[in-house]
Amino acid sequence: MSEKEVGQKWDRCLADCAIKVGAGLGLGIVFSVIFFKRRTLPIAFGTGAGLGMAYSNCQNDLRSPYLLHSNTTKEQ
């Protein structure tokens, strides 16, 4: 695996982590304000769930060196 491929995988992991943690944080804030009388538990749970999903995706992505991520499809 070349350094460029590893860099691309890390870039995807960090972007995925930012999106999932941000979405979990946002949903946690919404649920905290609407349903839980502004307690911090939904915020912590949403952030943790987003971080856990991102970690799992990164782990699978970094352990699969032979999967090709392509933006184009091959015509037959």
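Before any of the text, the structure's been laid out above.
This structure is a prediction, so every number in the text was calculated from the model and none was measured. (Residues numbered from 1 in each chain as written. Predicted model: local features only at pLDDT ≥ 70, side-chain atom pairs only at ≥ 80, totals over all residues. Heavy atoms only, no water.)

K.L.:
Whenever I open this one, the packing of helix 1 (residues 3-34) against helix 2 (residues 41-62) confuses me. Can you help?
P.N.:
For any two helices packed against each other, the geometry is given by the interaxial angle and the distance between the axes. Between helix 1 and helix 2, whose axes approach to 7 Å, the crossing angle comes to 160°. Comparing the axis directions of helix 1 and helix 2 gives the class roughly antiparallel. For the crossing formed where helix 1 meets helix 2, the hand is right-handed. Class assignment of the residues belonging to the contact of helix 1 with helix 2 gives a composition of 14 nonpolar, seven polar and five charged. (Axes fitted to C-alpha atoms, helices over the stretch in contact; angles between N-to-C directions. Helix = DSSP H or I, 4+ residues; strand = E, 2+ residues; numbered from the N terminus. Parallel < 35°, antiparallel > 145°, perpendicular 65-115°, else oblique. Left-handed = near helix turned anticlockwise from the far one by under 90°. Nonpolar A, V, L, I, M, F, W, Y, C, P; charged D, E, K, R; others polar.)

K.L.:
Which parts of the structure should I look at to understand helix 1?
P.N.:
For an α-helix the count is 3.6 residues per turn, leaving residues at separations of three or four pointing the same way. In a regular helix each residue adds 1.5 Å, so 32 residues correspond to 46 Å; helix 1 covers 46 Å between its end C-alpha atoms and thus fits that length. If you check which residues of helix 1 are buried, you get Lys9, Cys13, Asp16, Gly24, Gly28 and Ser32. Where helix 1 is buried, its residues meet helix 2. (Expected span 1.5 Å × (residues − 1). Buried < 20%, exposed > 50% of the residue type's maximum accessible area, 1.4 Å probe, protein only. Contact = heavy atoms within 4.5 Å.)

K.L.:
What exactly am I supposed to notice about a nonpolar patch on the surface here?
P.N.:
Together, Leu25, Leu27, Ile29, Val30, Phe31, Val33, Ile34, Phe35 and Phe36 make up a nonpolar patch on the protein surface, roughly 850 Å² of accessible area in all. Counting through the fold element by element, isoleucine 29 comes out in helix 1. A residue is classified by how much of its surface remains accessible, and isoleucine 29, at 40% relative accessible area, is partly exposed. (Patch = residues over 30% accessible without salt bridge, like charges linked within 9 Å, V, L, I, M, F, W, Y side chains within 5 Å. Areas by Shrake-Rupley, 256 points an atom, 1.4 Å probe, with all protein chains shown as cover. Salt bridge = Lys/Arg side-chain N within 4 Å of Asp/Glu carboxyl O.)

K.L.:
Just checking my understanding: could you explain helix 2 for this structure?
P.N.:
Across its 22 residues, helix 2 extends 31 Å between first and last C-alpha, which sits within 8% of the 32 Å expected from 1.5 Å per residue. Among the residues of helix 2, those classed as buried are Pro42, Gly46, Gly50, Ala54, Cys58 and Asp61. Projection of helix 2 onto a plane perpendicular to its axis shows the buried side chains occupying an angular sector of 135°, all on one side. Residues Leu41, Ala44, Phe45, Tyr55 and Asn60 are exposed on helix 2 and point more than 90 degrees away from its buried face. Where helix 2 is buried, its residues meet helix 1. (Arc of directions from axis to C-beta.)

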